[in-house]
Amino acid sequence: MRDRIMRAAGAALCATATFMPVSALAFDVNKASSNFDLVSLSDAELSARSIKTVDIGNVELISGRIVAADPLAQPDRQALARTVPAGDYPVRLYEAAGRVAAASMRFGEGRPDHWELATLAGQDVATLKDDEIFGYPVDAGLGSYMDADTLALIEEREQQVQAQKPDSDVNYYDDVLASELDANKGAYDLHRPVAGKKGNVAIFWSGWGDGFYPVFWGVDRDEHPLVLLTDFQVIANADGRREPSHQ
């Protein structure tokens, strides 16, 4: 149920899912985020808006099936319904107010023609009420992008660590990620679960921490995906100069 619907205002988990009929008003993606310009503004324009960009490297998409999730809270997260060609794609972070305000993954050049809310298989935006979104819950203060096949590598790494400490439980954050994140002041990491095997994970702070966050596809006129954007709801209107909306 946690993966299905969250109310955008206050991000409180819906206890029951009451779906709207298909004939209801169409979902307005612009009400779910006002930060789509982040991916189109130049570094100079972003800097003028008190937004810093950090390019953390390429995520290796083995199958092209993308998982966007808290990598610790949801080790079996389902991949997004839309896929992209397998390949290596750059991830950029947008920092404002001392936080990671958003994260993007680029698949093609140019400004998106329009934006769509990212969904999992079986999710339909036509069922959403005006104050509801699809997204993913965060319980460990982290978001991520990875290929669905990389989940198996994380499990393999856990097994390796467990073999090294058979009398203790494995904590993936403490035993694996903490030292890597510390190298970047805890803000991000391009994590390779198993050395020598293709498949890595872009891990980053999730705004103010735990919550429920939407992911969006920026697509061109031919419906080809150009960019994936996770909005951590730290800023509004792609502007970091204003007082943050919440803490």
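Here's what I pulled together on the structure shown here. Predicted model only: the values in this text are computed from it and were never measured.

Comments concerning the overall build of the chain
Across its full length, the chain carries four helices and 14 strands. When each of the 247 residues of the chain is scored for burial, the buried share is 48%. Taking contacts inside the chain between residues at least 6 apart in sequence as the whole, the part at least 24 apart equals 72%. Summing over all exposed atoms, the chain offers an accessible surface of approximately 11,700 Å²; the carbon and sulfur share of this is 47%.

Focus: the sheet that holds strand E10 (residues 188–191)
Judged by pairing direction, the sheet is antiparallel, and its four strands sit side by side in the order E3-E9-E11-E10 without closing on themselves. One side of each edge strand has no neighbouring strand; the edge strands of this open sheet are strand E3 (66–68) and E10. Put simply, the sheet's adjacent strands are angled 10° from each other on average, direction ignored. Across four bridges, E10 lies against strand E11 (residues 201–205) in antiparallel orientation. Bridge pairing in E11 links His 191 to Val 201. With respect to the sheet, helix H3 (residues 150–164) is in contact with E3, strand E9 (142–147), E10 and E11, its orientation differing from that of E9 by roughly 115°. Relative to E10, helix H4 (residues 172–182) is tilted by about 110°, and along the sheet it contacts E9, E10 and E11.

Considering the packing of H3 against H4
In the contact formed by H3 and H4, the axes pass within 10 Å of each other and the chain directions differ by 110°. When the axes of H3 and H4 are compared, the pair comes out roughly perpendicular. Two secondary-structure elements touch here, H3 through Ile 154, Arg 157, Glu 158 and Val 161 and H4 through Tyr 172, Asp 175 and Val 176.

A few points about the sheet that holds strand E2 (residues 52–61)
One open sheet holds the six strands; their spatial order is E2-E4-E5-E14-E13-E6, and the pairing between them is antiparallel. Each having just a single partner strand, E2 and strand E6 (114–117) make up the two edges of the open sheet. If you compare each strand with its neighbour and ignore which way they point, the axes differ by 25° on average. Pairing geometry for E6 and strand E13 (residues 215–219), over four bridges, is antiparallel. If you follow Leu 117 over to E13, its bridge partner there is Phe 216.

Quick look at the pattern of salt bridges
On inspection of all chains with the given rule, the structure shows twelve salt bridges. As a salt-bridge pair, Arg 92 and Asp 43 come within 3.0 Å of each other at their nearest N and O atoms. Taken together, the residues span a long stretch of sequence, with Arg 92 in strand E4 (residues 87–96) and Asp 43 in helix H2 (residues 43–48) at a distance of 49 residues. Linking Asp 55 and Arg 92 is a salt bridge whose minimum nitrogen-to-oxygen distance equals 2.7 Å. One end of the pair, Asp 55, is in strand E2; the other, Arg 92, is in strand E4, with 37 residues separating them in the sequence.

With respect to H4
Along an α-helix, residues three or four apart share an orientation, since each turn contains 3.6 residues. Within H4, burial applies to Tyr 172, Val 176, Leu 177, Ala 178 and Leu 181. Where H4 is buried, its residues contact E9, H3, E10 and E11.

Each value, and the rule that gives it
Residues numbered from 1 in each chain as written. Predicted model: local features only at pLDDT ≥ 70, side-chain atom pairs only at ≥ 80, totals over all residues. Heavy atoms only, no water. Helix = DSSP H or I, 4+ residues; strand = E, 2+ residues; numbered from the N terminus. Buried < 20%, exposed > 50% of the residue type's maximum accessible area, 1.4 Å probe, protein only. Contact = heavy atoms within 4.5 Å. Areas by Shrake-Rupley, 256 points an atom, 1.4 Å probe, with all protein chains shown as cover. Pairing = 2+ DSSP bridges. Axes fitted to C-alpha atoms, helices over the stretch in contact; angles between N-to-C directions. Parallel < 35°, antiparallel > 145°, perpendicular 65-115°, else oblique. Salt bridge = Lys/Arg side-chain N within 4 Å of Asp/Glu carboxyl O.

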